Amino acid sequence: MKQRIWHPCTQMKDHEDFPLVMADRAEGIYIYDEEGKAYMDIISSWWCNLLGHGHPRIKEAVKQQLDRMEHVMFAGFTHRPAEELCGRLVKLLPRGLEKFFFVDNGSTAVEVAMKMSFQYHHQSGAPEKKKFMTLANGYHGETLGVLSMGGMDFYAQMYRPLLLDAIHVDGPDCYRCPYGLQRDTCQGQCIEAAEKAFQEHGHETTAFLFEPMFQGAAGMRIYSPAYIRKLRALCDAYNVNLIADEIAAGYGRTGKLFACEHAGVTPDFLCLSKGLTGGFAPMAITVTTDRIYDAFYADFNEKKAFVHSTTYSGYPVACAAALAVLDILKEDRILERMEKEYLNKCLRQALADHKNVGEIRGIGLINAMELVEDRDAKKAFAPEKRTGYQIYKEAMKRGLLLRPMGDVPYFNPPLNITRAEIDQAVELCQDSLRAVLAD
Ligand SMILES: Cc1ncc(COP(=O)(O)O)c(C=O)c1O
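Residues numbered from 1 in each chain as written. Predicted model: local features only at pLDDT ≥ 70, side-chain atom pairs only at ≥ 80, totals over all residues. Heavy atoms only, no water.

**Q** Requested: an account of the overall build of the protein, with residues and values cited.
**A** Looking only at helices and strands, the protein has 14 helices and 16 strands in total. For the protein, the C-alpha atoms occupy an extent of roughly 65 × 55 × 45 Å along the three principal directions. Scored against the burial criterion, the 439 residues of the protein give a buried share of 55%. In the protein, of all internal contacts separated by at least 6 residues, the share reaching a separation of at least 24 is 71%. Of the roughly 20600 Å² of accessible surface on the protein, a fraction of 50% belongs to carbon and sulfur atoms. Taken as two groups, the 51 positive and 58 negative side-chain charges of the protein have centres that lie 1 Å from each other. (Helix = DSSP H or I, 4+ residues; strand = E, 2+ residues; numbered from the N terminus. Buried < 20%, exposed > 50% of the residue type's maximum accessible area, 1.4 Å probe, protein only. Contact = heavy atoms within 4.5 Å. Areas by Shrake-Rupley, 256 points an atom, 1.4 Å probe, with all protein chains shown as cover. Lys, Arg positive; Asp, Glu negative; His and termini not counted. Charge placed at Lys NZ, Arg CZ, Asp CG, Glu CD.)

Okay, here's the thing in structure tokens:
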């Protein structure tokens, strides 16, 4: 078939010998192709299908909303699904997060937080605060603003000449901790690099942007909540806003509804997307505090409004899906019942002793396997070998969607995955890994 579609994050030439799957339908943890072959979606289709595909209650909520009103511009109008969603989220979010700005994708939600933070300082007597700080291995999306913040060369290298001049701080690297500490017991000693950066640049910095509890695209790099508490204290000391990007980490992914809860910290901005609508419609929200909001609230001619618009802001169908997600999380007690210990135990039993599995790390239902050439030296494989990618191909043959980040295959399944599904997925994962890396 002649390729017309240019797929995201893909070297299209790879598909010369590894054809794209023609996805036809999806239900629960399975995606089916046109021939009826099933693929277990243990990464929740880029982490957003929070409760599996086609959840009947979300589907029903979406249908009902479509019958009533598909879309309405969100300036001059508001609507019940959005109002109700904010009313419910405000009771669940870390205390103090009270104002909601709606957009349609995660990257934009982070850019909105950055723009708001900059404008807040400008309108609050600190116009010298123009810079952003962030963690060296972060990922916050790929539009030019957030690409400047992300530290990973894979995404950003080509575009460096176009990017904002952000201050990248070395952050936690618990697998190869330079202090020789363990993530479960350390006190976030690696905050030292951030302390230095604040001493040097705190006065000119508007916000510190980070992914709480784990750096997703960097390979599910999980770290201590103590680090977050120290970051909050630094931001307070230097009048710097803290932006928590919970696009990947929010909505129960870490075992708590919001990742900042692990640290007991309220950021000044919290960005949500992905799990928010359970994968039924694109939507993201930048949530912030009354203090930030109040700095924009003035007579029109003072020119203090936040002038950022996006056509699908507050998309009612997405709000209806988001309300259904909250209902299911509560009524089915999803967070209490998720099989996080079971999944972690099964993966450890299956793979912890493998000579190329350097570490299996888990938080909530997220479990990542860092593959290395030499376990003792923690020596990575040469990237040209594309070890993770070979395993992905083997897994696809077997009907498992195990798309890795580099050489880190991972599970980030729907929160309602069952034990039987876990057993099946772990077995397929083990077979795929062994097919590439004989034990
Ligand atoms: C932590 C984080 N921030 C931002 C984004 C960007 O979201 P989107 O792809 O919706 O723009 C992602 C996407 O994976 C993410 O993981």
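**Q** Got a sec to walk through helix α13 (residues 387-398)? Specific residues and values, please.
**A** Compared with an ideal rise of 1.5 Å per residue, which puts 12 residues at 16 Å, α13 spans 17 Å between its outermost C-alpha atoms and is within 8% of the ideal. If you check which residues of α13 are buried, you get T387, G388, Y389, I391, Y392, E394, A395 and M396. In this structure, the buried side of α13 is in contact with β3 (38-41), β14 (366-371), β15 (400-401) and α14 (419-436). In the stretch just after α13, G399 is the one whose phi turns positive, near 90 degrees. (Expected span 1.5 Å × (residues − 1).)

**Q** Pulling in residues and values, what's your account of the sheet that holds strand β10 (residues 241-245)?
**A** Ordered by their spatial adjacency, 7 strands build an open sheet running β4-β12-β11-β10-β7-β5-β6, and the pairing between neighbours is mixed. Each edge of the open sheet is held by one strand with a lone partner, namely β4 (97-103) and β6 (167-169). The sheet shows a mean angle of 20 degrees between the axes of neighbouring strands, taken without regard to direction. For strand β5 (residues 131-135) and strand β7 (residues 205-210), the ladder comprises 4 bridges, and the chain directions are parallel. (Pairing = 2+ DSSP bridges. Axes fitted to C-alpha atoms, helices over the stretch in contact; angles between N-to-C directions.)

**Q** Before we move on, could you go through the pattern of salt bridges and cite the residues and values that matter?
**A** Counting across every chain of the model gives 23 salt bridges. Across the pair E394 and R398 runs a salt bridge whose closest N-O atoms are separated by 2.6 Å. In this pair, E394 and R398 are both assigned in helix α13, 4 residues apart and thus about one turn of the helix distant. Each of the salt bridges in this network shares a partner with another, and the network as a whole consists of R176, R183, E359, R361 and E370. (Salt bridge = Lys/Arg side-chain N within 4 Å of Asp/Glu carboxyl O.)

**Q** Give me the packing of helix α7 (residues 192-201) against helix α8 (residues 225-237): which residues, what numbers.
**A** Pairs of packed helices are described in terms of their axes, by the angle between the two and the distance that separates them. Running from N to C, α7 and α8 cross one another at 10 degrees; their axes reach a closest spacing of 11 Å. Classed by the angle they form, the pair α7 and α8 counts as roughly parallel. Only Y227, L231, L234 and C235 of α8 make contact with α7, whose side of the interface consists of A194, E195 and F198. (Parallel < 35°, antiparallel > 145°, perpendicular 65-115°, else oblique.)

**Q** Run through the environment of A166, naming residues and quoting values.
**A** Locating A166 in the fold gives a position in the loop between α6 (153-156) and β6. Look at A166 and you get buried, because its relative accessible area is 13%. Each C-alpha atom, one on A166 and one on M149, is 6.1 Å from the other, the two residues being 17 residues apart in sequence. If near-sequence neighbours (up to four positions away) are discounted, A166 is found in contact with F132, S148 and M149.

**Q** Just give me the short version of the site of the ligand, but keep the residues and values in it.
**A** Within the structure, the ligand sits among W47, N105, G106, S107, Y139, H140, G141, E211, D245, I247, A248 and K274. D245 places a polar side-chain atom, nitrogen or oxygen, 2.6 Å from a nitrogen atom of the ligand. The separation between an oxygen atom of the ligand and a polar side-chain atom of K274 is 3.0 Å. Protein chains shield 81% of the accessible area of the ligand, which is 390 Å² for the free molecule. (Near = heavy atom within 4 Å. Polar contact = N/O pair within 3.5 Å; in protein donor to acceptor, adjacent residues only side chain to side chain.)

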